[in-house]
Structure formats: structure tokens, C-alpha cells
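Inside the fold
One-letter residues, chain by chain:
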Amino acid sequence: MDKSRYDNRSDQWRKRTGAKVRRARLVAGIPKRLIFVTVAAVAVFIAQFVVQHSEGAPDLNISHWIGRSPEPIAGLASVLDGDTIEIHGQRIRFNGIDAPESAQQCDNAKGFRYQCGAKAAAALDGFLAASRPVTCAFVDWDRYGRFVGDCRRADGASVAAWMVEHGEALDWPHYSHGAYAAQQAKAEAAKVGLWVGVFQAPWDWRAAHADGASSQPLGIVSRPRVAQSGYSCEPRRTCKQIGSCEEANWYLQNCPWGGKLDRDKDGVACETLC
């Protein structure tokens, strides 16, 4: 064999072998602790993703592991539904109460169906507007990554307590441990809000609609709403400007100012028409 050809092959073999050795040394030089931390971080990320997309899974929020509690959040609140607001882009779920879902309907005192979720959101919007800003103290993170907090208006009034006392939300014993039981008993005795008629507890309603028919957030409740029938929340109307019981009940159920049409709070709007 030609000696020069043999030498060339030997050089190529030595270069390939040297490259493999250098790669092996590079991998061996990476600290094992760094590899472990990287793998652990990926595992936690995957676990959190699975949890956030599974209703029945336990809460594995990373914030719980590291034990860090956020500072209170204060500012002007946008109402998303009867128990959820947004401040500075952070969604906040009221601790210990549950309001009707956005798509949930209830029966009033005369058996008429109405959008109790929309009504609860409108009531909350009006209550918060009376004394701004809102301040929410951190309690926990829920499985959807929402800030769960105890919220108060600028005048110190508890938002959750007011919602339950006025029948727009329920005490949720599973999380409140009965913190708002007294307010709920008062609302039930006075037959205000939900208690004026027949309703399903929000947690039961969600369980019954777990097939995908559950509600979506309302968004900012001050946005105009228009019915397929042509009714609109703008401009605002009085009973003298309304032509039928059906129209009056639509305003009551769908408009932020609709409660003004029900002066005796029995769930029936413009009783001269109805």
C-alpha cells in the first residue's frame, strides 16, 4: 500500500477519535447539579401545564412551592363576572364566595327566567363604582393562576360580604369556612337578590354544565348590550318609557341600570306593566 495514503487515513482516524474525546470531555465537564436543576425545572413546567388543564388535579402552582406572597393590588377594577375582577391586568377571584355564572339563569318571584349572572355582575359594578379604588389582599392562587383575594372598596367595605348580604352571591363554605354565613342568612330572610326566587348554587350549575356549556367571562359590564328583539341598554329608560312587561323584564335582566325598574326588589320590573 502506498505509504502516503496510509498516513492520510491514519490522520483522519486520529482527528475523528480526537473530536469524540473532546465532546465526551465537554459533556463530562458540565456540573451534574446544573443538569439536575434543568431537568427538574422542565418537570415542574410540565406538571404545572397538566394541572392547569385538569379540573380534578391537585394544585401544584409554583408560587406555593416557593412560598412567595404577592403584595396587595389596588386600582380601578373592571368587572368580569359576579366574583371576578381585573386590576392592572391581573384577574382577581374573591375569596370565599361564589356568584352565578355569566350564562346562568334563575327564576324570579313570578317564575320568569332572568340572567342572574349578568345581574350579579351589574350589581358588583355599581357597588365598586361608588367608592374607588379597590384594594385586594392576597389569600391564595387558584388552579387557573388567578389571584384569590379579600377585596375592599376605598371606604373599607368588604366586597364579598356586600355581595352575599345583598343576595348577589353565596357564601362558599368549602373555601370560606362559613365566614359569610351571617350575611347569607340575612339575605335569605329578607328575600333579596337570588333569594327572591329559585336558583341553583353556582358550583352545582357548573357541575351540571361541565360538558363545555359553561359560561365565559362577561367582560366589562358597562359595554352596551343589544337583544335580538331590538332592545338596547342605551339610552336608559324609565317605566313610563317602556311599552310592555317583556321589554321591562329584559332591561331588568340585562342592563346595569335595570334594577331601578324594580323598586320593591321583588324581582319584577315595572309592576304597572307586569
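Structural notes, computed from the coordinates. (Residues numbered from 1 in each chain as written. Predicted model: local features only at pLDDT ≥ 70, side-chain atom pairs only at ≥ 80, totals over all residues. Heavy atoms only, no water.)

Further remarks concern the overall build of the protein. Helix and strand content of the protein: 9 helices and 10 strands. Expressed as a percentage of the 274 residues in the protein, the buried residues total 39%. Sequence separation of 24 or more characterises 53% of the internal contacts of the protein that already satisfy a separation of 6 or more. Just so you have it, the protein exposes about 16,200 Å², and 55% of that area is on carbon and sulfur atoms. (Helix = DSSP H or I, 4+ residues; strand = E, 2+ residues; numbered from the N terminus. Buried < 20%, exposed > 50% of the residue type's maximum accessible area, 1.4 Å probe, protein only. Contact = heavy atoms within 4.5 Å. Areas by Shrake-Rupley, 256 points an atom, 1.4 Å probe, with all protein chains shown as cover.)

Turning our eyes to something else, we now look at the sheet that holds strand β4 (residues 90–94). The sheet built from 6 strands is open, its strands ordered β1-β8-β9-β4-β3-β2 with mixed pairing. The two strands at the open ends of the sheet, each matched to only one other strand, are β1 (73–75) and β2 (78–81). Shown here is a sheet whose adjacent strand axes are inclined to one another by a mean of 40 degrees, direction ignored. Sheet topology note: the β4/strand β9 (residues 147–152) ladder contains 3 bridges and is parallel. Across the sheet, the residue bridging to F94 is G149, located in β9. Across the sheet, helix α4 (residues 116–129) touches β2, β3 (84–87), β4 and β8 (134–141), and the angle it forms with β2 is around 160 degrees. (Pairing = 2+ DSSP bridges. Axes fitted to C-alpha atoms, helices over the stretch in contact; angles between N-to-C directions.)

To continue, consider the pairing of β3. Alignment of β2 against β3, held across 3 bridges, turns out to be antiparallel. Within β3, the residue paired with V79 across the bridge is I85. Connecting β2 to the next strand, β3, in antiparallel fashion are 2 residues. Examined bridge by bridge, β3 and β4 share 4 bridges and lie antiparallel to one another. Within β4, the residue paired with E86 across the bridge is R91. Connecting the antiparallel pair β3 and β4 is a turn made up of 2 residues, with H88 showing a positive phi of about 50 degrees.

Before going further, it helps to examine the packing of aromatic side chains. One pass over the full model with this rule turns up 7 aromatic pairs. A ring pair is formed by F138 and W141, whose centres lie 5.4 Å apart and whose planes are at 55 degrees; its orientation type is tilted. Judged by its relative accessible area of 14%, W141 falls in the buried class. With 6.0 Å between their ring centres and 85 degrees between their planes, W141 and F147 make a pair best called edge-to-face. Ring-pair connections join several aromatic residues into one group, and the members of that group are F138, W141 and F147. The ring of F127 has R153 sitting right over it, with the charged end atom 4.0 Å from the ring centre. (Phe/Tyr/Trp six-rings, centres within 6.5 Å; stacked < 30°, edge-to-face > 60°. Lys NZ or Arg CZ within 6 Å of the ring centre and 35° of its normal.)

Structurally, L273 can be placed in the segment after α9 (245–254). When the C-alpha positions of L273 and C239 are compared, they lie 8.3 Å apart, and in sequence the two are 34 residues distant. Here L273 is in contact with C239, I242, S244 and C245, once residues within four sequence places are set aside.

Here the amide bond leading from R132 into P133 is cis, since omega sits at 0 degrees, within 30 degrees of zero. As for its placement among the helices and strands, P133 is situated in the loop between α4 and β8. Not every positive phi belongs to a glycine, and H177 is a case in point at roughly 55 degrees. In this structure, H177 sits in the loop between α6 (173–176) and α7 (181–190).

Honestly, that's just the spatial picture; any functional story needs more than this.
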